[in-house]
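Residue-level listing of the chains:
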Amino acid sequence: MTKSASLLLFLFVVITVTTATAQVLPGIDVLVGQDFAPIAGKRVGLVMNQTAVMRNVRKTTFDALRTTDRCTLVALYGPEHGIDGGVLAGDAVGDERLDGIPVHSLYGKTKTPTKKMLAGVDIMLYDIQDVGVRSYTYISTLLNTMRGCARQGVPVMVLDRPNPIGGDVVDGNVLDPKFASFVGPAPIPYVHGLTVGGLATMANEEGWLGDGLRCDLTVIRMQGWQRSMRWRETGLLWIQTSPHVPKPETTFAIAATGAIGELAVINIGVGYTMPFEMIGAPWMDGRKFATEMNSMGVPGIYFRPTRYKPFYAMSSGKMCGGVHLVRVTERTAPFTATIALLTALRDLYPERKILSKVRSDRWKMFDKICGTDQIRKRLVAGDSFDSITKWWEPELSRYIAKRSAYLLYE
């Protein structure tokens, strides 16, 4: 090959790679590009964790705010798992200090910033990468932050980030307000299809903060992001959002198996190298189960037969037969997969009596995660996969219509 031909081939590869990956700028990069103009001269609070990084990952949001003379960073606030993301799920997060700045826990004695915690703060910034699933508690921290700040007259600014499942994927039942909790903070479906900026805007305008509260809200939008993008198209590095979310594909898997994990009757890949992406048991024939699952026609998901041995958690040290959930199309329905998996486990293995083995406290948490008791009742009653997923369609359609007013991106 001649030198000129080699150069042309090199340029072709460079151009191809460049055009295949977007140059998405998170909200913090946009704010820095504005020379911090919206917060100039203000004393700033920041709700953050380890995911609050700029595009080049060499600088965090904390660094950017700490080193500029355009504003003064006076307080930090940490969600579940803490500001460094190392605390295990459900474990309390304590107060601390970082480079002399107080770090207030929003997952300890209180989950809502108090008047004392907000003293001296002119504006609160929120910069945390979400996963796009209703039960993932970072959005509860977002809404609680908005509530606490609204009570004290402190404006809130959300530095937006991508929805890793995709801003065009919406699935599952809309939460019944009677089941609102920290793992179900608003009447949205299990897979809500919003960025944190869009969700904050919708919550503010729809009155979801409660008590007639409305926050003085600003969203710093991303540049270059489209709702149809998968994470790896953004060109952004994935920072582990919590200990069992090591890669962006895990977020889709959480939406499909996370609720099943609450029942504590079968392994969902936690304890293995692919948390949430697997489901299996020592007694399961993975090929047989995969055939059954693929016959159910769950949109956008292929169930690949597999065998694996968890290192810890359920079925630790035992070889499990099962399936690996693979997303094969953009349009997908991960919570629909939850129902398919549970009905298949119930109907394909009646001798295992899987649902009857669930403890009452586990069912209670399952109801909270699902945002209703109807899914539990229908599963136990023997309702079919189709009848359960059709049950939520009218309310889901109403949500999708309402959500259209809060979509911030093409």
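Here the structure is a predicted model, which is why all the values come from computation and not from measurement.

Draft legend 1. Broad picture of the sheet that holds strand 4 (residues 101-105). If you trace the seven strands from one edge of the open sheet to the other, you get 3-4-2-1-5-6-9, paired in mixed fashion. Each of the sheet's edge strands pairs with one partner strand only, and the pair in question is strand 3 (96-98) and strand 9 (217-220). Averaged over neighbouring strand pairs, the angle between their axes works out to 25 degrees when direction is ignored. Relative to strand 6 (residues 156-159), strand 5 (residues 123-127) runs parallel, the two sharing three bridges. From the neighbouring strand, Tyr 126 faces strand 6, where its bridge partner is Val 158. Across the sheet, helix 4 (residues 138-152) is in contact with strand 1 (43-48), strand 5, strand 6 and strand 9; its angle to strand 5 comes to roughly 175 degrees. Here helix 5 (residues 196-206) sits on the sheet in contact with strand 5, strand 6 and strand 9, set at roughly 160 degrees to strand 9.

Draft legend 2. Structural detail: the packing of aromatic side chains. Within the structure shown, the criterion is met by eleven aromatic pairs. The interplanar angle of 40 degrees and the centroid separation of 5.8 Å between the aromatic rings of Tyr 107 and Phe 182 together place this pair among those described as tilted. Of this pair, Tyr 107 sits in the loop between strand 4 and strand 5 while Phe 182 sits in the loop between strand 7 (171-174) and strand 8 (189-191), placing them 75 residues apart in sequence. As far as the burial class goes, Tyr 107 and Phe 182 line up, both buried.

Draft legend 3. Structural context of helix 4. The end-to-end C-alpha separation of helix 4 is 21 Å, in line with the 21 Å expected for 15 residues at 1.5 Å each. With respect to burial, helix 4 is a largely interior element, 13 of its 15 residues being buried. At the C-terminal side of helix 4, Gly 153 shows a positive phi close to 70 degrees.

Draft legend 4. Main features of helix 12 (residues 393-403). Restricting attention to buried positions, one finds in helix 12 the residues Leu 396, Tyr 399 and Arg 403. Along helix 12, the residues classed as buried sweep out an arc of 60 degrees about the axis, all on the same side. The elements touched by buried residues of helix 12 are strand 7, strand 8 and helix 5.

Draft legend 5. Up close: the confidence of the model for the chain. Summing up the model confidence of the chain, the mean pLDDT is 94 and the portion of residues at 70 or higher is 95%. When the criterion is pLDDT under 50, residues 1-19 qualifies, and its contacts beyond four places in sequence or with other chains add up to two contacts.

Draft legend 6. Fine view of unusual backbone geometry. Its identity is not glycine, yet His 81 carries a phi of approximately 80 degrees, on the positive side. Of note in the backbone geometry, Lys 353 takes a positive phi value of approximately 45 degrees without being a glycine. Along the chain, the position of Lys 353 falls in the loop between helix 8 (334-348) and helix 9 (360-370).

Draft legend 7. A look at the pattern of salt bridges. In this structure the tally under the stated criterion is 16 salt bridges. Between Glu 249 and Arg 232 there is a salt bridge, and its shortest N-O distance comes to 2.6 Å. With Glu 249 in helix 6 (residues 249-261) and Arg 232 in the loop between strand 9 and helix 6, this residue pair connects regions lying 17 residues apart in the sequence. Taken together, the salt bridges that share partners define one network made up of Arg 230, Arg 327 and Glu 330.

Draft legend 8. Summary view of the nonpolar core. Core analysis: the largest hydrophobic core is formed by 103 residues, its most contacted members being Tyr 77, Met 146, Val 158, Ile 279, Phe 289, Phe 303 and Phe 366. If you tally residues by element for this core, the top one is helix 8, at eight residues. Leave out the neighbours within four places in its chain, and Val 158 touches Tyr 126, Leu 142, Val 196, Gly 197, Ala 200, Leu 217, Thr 218, Val 219 and Ile 220. One finds Val 30, Val 44, Ala 52 and Leu 125 within the second-largest nonpolar core, a separate group that totals 24 residues.

Draft legend 9. Fine view of the side chain of Thr 336. Of note, Thr 336 is situated in helix 8. With near-sequence residues (within four places) excluded, Thr 336 lies in contact with Asp 171, Val 298, Phe 385, Thr 389 and Trp 392.

Draft legend 10. Structural context of the environment of Trp 238. Mapped onto the elements of the fold, Trp 238 is located in the loop between strand 9 and helix 6. Through-space distance from the C-alpha of Trp 238 to that of Asp 35 is 25 Å; in sequence the pair is 203 residues apart. Not counting the four nearest positions on each side in its chain, Trp 238 is found in contact with Gln 129, Pro 164, Trp 231, Val 245, Pro 246, Lys 247, Pro 248 and Thr 251. A polar atom in the side chain of Trp 238 sits 3.3 Å from the backbone oxygen of Val 245.

Draft legend 11. Representation of the packing of helix 8 against helix 10 (residues 374-381). For the pair helix 8 and helix 10, interaxial distance at closest approach is 10 Å and the crossing angle is 30 degrees. By the angle class used here, helix 8 and helix 10 are roughly parallel. The two elements helix 8 and helix 10 meet at a crossing, and its hand is right-handed. Between helix 8, through Phe 335, Ile 339, Leu 342, Thr 343 and Arg 346, and helix 10, the contact on the second element is made entirely by Ile 375, Arg 378 and Leu 379. Residues that form the contact of helix 8 with helix 10 fall into these classes: five nonpolar, one polar and two charged.

Draft legend 12. Inspection of the pairing of strand 5 at higher detail. Counted residue by residue, strand 5 has five buried out of five residues, so it is predominantly covered. By the alternation rule, side chains of strand 5 split into Ile 123, Leu 125 and Asp 127 and Met 124 and Tyr 126, which are all buried. Relative to strand 5, strand 1 runs parallel, the two being bridged by five bridges. Residue pairing in the sheet places Leu 46 in a bridge with Leu 125 of strand 5.

Draft legend 13. Molecular detail of the environment of Glu 205. Structurally, Glu 205 can be placed in helix 5. On the accessibility criterion, Glu 205 (42% relative accessible area) is partly exposed. Counting along the chain gives 36 residues from Glu 205 to Thr 241, while the straight-line C-alpha distance between them is 28 Å. Discounting residues that sit within four places of it in the chain, Glu 205 has contacts with Arg 214 and Tyr 406. Of the polar contacts made by the side chain of Glu 205, one reaches the side chain of Arg 214; its length is 2.3 Å.

About the cut-offs
Residues numbered from 1 in each chain as written. Predicted model: local features only at pLDDT ≥ 70, side-chain atom pairs only at ≥ 80, totals over all residues. Heavy atoms only, no water. Pairing = 2+ DSSP bridges. Helix = DSSP H or I, 4+ residues; strand = E, 2+ residues; numbered from the N terminus. Axes fitted to C-alpha atoms, helices over the stretch in contact; angles between N-to-C directions. Contact = heavy atoms within 4.5 Å. Phe/Tyr/Trp six-rings, centres within 6.5 Å; stacked < 30°, edge-to-face > 60°. Buried < 20%, exposed > 50% of the residue type's maximum accessible area, 1.4 Å probe, protein only. Expected span 1.5 Å × (residues − 1). Arc of directions from axis to C-beta. pLDDT = per-residue confidence, 0-100. Salt bridge = Lys/Arg side-chain N within 4 Å of Asp/Glu carboxyl O. Core = buried A, V, L, I, M, F, W, Y, C linked by side-chain atoms within 4.5 Å. Polar contact = N/O pair within 3.5 Å; in protein donor to acceptor, adjacent residues only side chain to side chain. Parallel < 35°, antiparallel > 145°, perpendicular 65-115°, else oblique. Left-handed = near helix turned anticlockwise from the far one by under 90°. Nonpolar A, V, L, I, M, F, W, Y, C, P; charged D, E, K, R; others polar.

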